[in-house]
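Residues per chain are reported as follows:
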2 protein chains.
Amino acid sequence: MTYCVAACLDAGMVFLADSRTNAGVDQVSTCRKLRVFERPGERLLALMTSGNLAISQAIVALLAQRGPDDPQSIWNAATMQEAAQCVGDAVRAVHARDGQALKEQGIDFNVSLILGGQIGRAPCQLFQVYAAGNFIAASPESPYLQIGEAKYGKPIVDRVLQAHTPLDEAAKCMLISMDSTLRSNLSVGLPLDLLVYERDALRVTRFACLDEDNQYLDMIRRTWGERLRQVFAEIPNPQWTTPEAQAGDAAPALPRRHQPVRITAGPEPQGQPPAAHQVLAQGAGRRQVQ
Amino acid sequence: MTYCVAACLDAGMVFLADSRTNAGVDQVSTCRKLRVFERPGERLLALMTSGNLAISQAIVALLAQRGPDDPQSIWNAATMQEAAQCVGDAVRAVHARDGQALKEQGIDFNVSLILGGQIGRAPCQLFQVYAAGNFIAASPESPYLQIGEAKYGKPIVDRVLQAHTPLDEAAKCMLISMDSTLRSNLSVGLPLDLLVYERDALRVTRFACLDEDNQYLDMIRRTWGERLRQVFAEIPNPQWTTPEAQAGDAAPALPRRHQPVRITAGPEPQGQPPAAHQVLAQGAGRRQVQ
């Protein structure tokens, strides 16, 4: 599996990728999934891949092969849109070559890519390229894209990340998102490739490969968990009450919506009707947050 | 879709289920997914369902049909293990009846259930029943089970919930887990059925159906998001530095692991070698958390 996340922000772009690859749990290795196309002062593109490793490597190999002499080359793309088309074309070329053979083996053509960067003075752009070779772009309203094991780490990004988020704050957010994913899915693993691109730099200005020894990552992982548990402890527990109207009565006195759906033994409820149960105390929540 | 989560704790059990059901985004409705089998003083079982609604309703209908006269009835199960077998048998009976017809329509036999409760003075037990009718049990080491859209809400449960967690704290944890899921998946929706079962009560003692008007749920949803953003803001951003060894040099002076994987234009890197880039400041993290 894989988890890659990237954001296109007012100040630039942030890319984060894990580096675990596995074929079953008994075949696990490390494979870096973030690659950079850099022509300093002219273009900086970053490509992250997830899915079938042979497919994604074949796509990257094809893109690497297509040098500046090739009209289909990423090096000749005049815009990020064209660059995304180059990647999509490479995906389709690999599908044309390998798709049928994979199908015969019952293997899906499973690959997903994120391409982002800047060419010349045009704005930064970020795309997710699908296995069909088509793609979607991130936008100021939805400034980030994820591929691979995206769900565990999505809530924190949804709560924090916006187009105006500063680059290093976005990097912090992605590392926390990655931490949640690392904890929940064994097939996502260290080291992490973190690329922070400052708009208009047109070269790699900030890059780190983070492993167990990285003190910032270690701090994030310890602190976030600890503080999360503190916040959790500070939020009041639910308070329960026996509704006035219900005191002493049988539960059916409560409106149906305050009753659990009961499956009774046979056509008629057996024995005495269910006794009164407690319900959440209304107002409790409101009082407690003041 | 669905999100249901339940925990078997030292103090009893907690069950939480959403109530949205949908067939595509244009056919959305509300359907309660938590059902209670209660014979006060003798047994209390709770069943939660996810997957194909017709399949789960057929299973529940069969379980409801099998009254105390039926040896296969949940009402006659002497242990929770036997009760889980009753549910598994019902799953297999529905598969025997509908499986082939579904297959002919290209529809998977997709259903997953959580059964928990207590019979007599035996310990509480919690099971997840699969579409094959077999099941797994929760344990003190892994006290909770999820069905449906489990991933968004899993990290907080993993960080907080343990067998010794008090019931109302576990309920709070599950509501936060549900909140993350509600925000990330439109096919999970209110109202929520929350059942808190105190060990040895052998009846429903605490139950609530939480909707938009519930002040505790509203407090949880607002407070958790706000506090999360506060904690996030308090964690220091990464700090970057130009490595001594690298100052003025070209980037290749850095060990390869501190370099992004570069795809060069053609066999030889074009133009000047990549300029030095900044790396994460080691020690920064450690200093900042002191």
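Description of the structure in this document. (Residues numbered from 1 in each chain as written. Chains lettered and ligands numbered in written order. Predicted model: local features only at pLDDT ≥ 70, side-chain atom pairs only at ≥ 80, totals over all residues. Heavy atoms only, no water.)

Okay, the overall build of chain A next. Counting its regular elements, chain A contains 6 helices and 15 strands. Its C-alpha atoms give chain A a radius of gyration of 26 Å, more than 25% over the compact-globule value 19 Å for 290 residues. C-alpha atoms of chain A, sized along the principal axes, occupy 85 × 50 × 35 Å. Among the 290 residues that make up chain A, the fraction classed as buried is 56%. Across chain A, every contact between residues at least 6 apart in sequence was considered, and the portion connecting residues at least 24 apart equals 62%. Per element, the accessible surface of chain A, about 12100 Å² overall, is 49% carbon and sulfur. On chain A, the mean spot of the 28 positive side-chain charges and the mean spot of the 30 negative ones are 4 Å from each other. (Helix = DSSP H or I, 4+ residues; strand = E, 2+ residues; numbered from the N terminus. Rg over C-alpha atoms; globule rule 2.2 N^0.38 Å. Buried < 20%, exposed > 50% of the residue type's maximum accessible area, 1.4 Å probe, protein only. Contact = heavy atoms within 4.5 Å. Areas by Shrake-Rupley, 256 points an atom, 1.4 Å probe, with all protein chains shown as cover. Lys, Arg positive; Asp, Glu negative; His and termini not counted. Charge placed at Lys NZ, Arg CZ, Asp CG, Glu CD.)

All names here are of chain B. Most of strand β12 (residues 206-210) is tucked away: 5 of the 5 residues are buried. Residues R206, A208 and L210 point to one face of β12 and F207 and C209 to the other, with burial holding for every one of them. By the bridge criterion, 5 bridges tie strand β11 (residues 192-198) to β12 in an arrangement that is antiparallel. Across the sheet, residue L192 finds its bridge partner in β12, namely L210. (Pairing = 2+ DSSP bridges.)

Right, let's talk about unusual backbone geometry for a bit. Residue and element names in this part refer to chain A. Following L190, the chain continues into P191 via a peptide bond in cis, with omega recorded as -5 degrees. Mapped onto the fold, P191 is located in the loop between α4 (167-184) and β11 (192-198). In this structure, D200 takes a positive phi of about 75 degrees despite not being glycine.

The next point concerns the sheet that holds strand β9 (residues 135-137) of chain B. The strand order across the open sheet built from 6 strands is β14(A)-β5(B)-β6(B)-β7(B)-β8(B)-β9(B), with neighbouring strands paired in mixed fashion. Two strands bound the open sheet, and with one partner strand each, they are β14 (261-262) of chain A together with β9 of chain B. Sheet topology places strand β8 (residues 125-129) of chain B next to β9(B); 3 bridges connect them, and they run antiparallel. Its bridge partner lying in β9(B), F127(B) is registered against A137(B). Packing of helix α1 (residues 53-65) of chain B onto the sheet brings it into contact with β5 (34-39), β6 (43-51) and β7 (111-119) of chain B, and relative to β6(B) it is tilted by some 160 degrees. (Axes fitted to C-alpha atoms, helices over the stretch in contact; angles between N-to-C directions.)

Further remarks concern the interface of chain B and chain A. Counting residues at the interface gives 91 residues for chain B, matched by 92 residues for chain A. Interface area for chain B against chain A, summed over the two sides, is near 8400 Å², with a carbon-plus-sulfur share of 59%. The three residues of chain B that bury the most area against chain A are R159(B), F232(B) and I263(B), which together make up 11% of that side's buried surface. At the boundary of chain B with chain A, the tally comes to 9 salt bridges. Summed over the shared surface of chain B and chain A, the number is 36 residue pairs in polar contact (both at pLDDT 80 or more). (Buried area = accessible area lost by both parts, 1.4 Å probe. Salt bridge = Lys/Arg side-chain N within 4 Å of Asp/Glu carboxyl O. Polar contact = N/O pair within 3.5 Å; in protein donor to acceptor, adjacent residues only side chain to side chain.)

Moving on, we get to the packing of aromatic side chains. Residues and elements named next belong to chain A. The full count for this structure, using the stated rule, is 4 aromatic pairs over all chains. Arranged with centres 5.8 Å apart and planes meeting at 65 degrees, the rings of F37 and W75 form a pair that is edge-to-face. Of this pair, F37 sits in strand β5 (residues 34-39) while W75 sits in the loop between α1 (53-65) and α2 (80-104), placing them 38 residues apart in sequence. Accessibility assignment for this pair places F37 and W75 in one class, buried. Measuring from ring centre to ring centre gives 5.4 Å for F127 and F135, while their planes differ by 80 degrees; the resulting arrangement is edge-to-face. We classify F127 as buried; its relative accessible area is 1%. (Phe/Tyr/Trp six-rings, centres within 6.5 Å; stacked < 30°, edge-to-face > 60°.)

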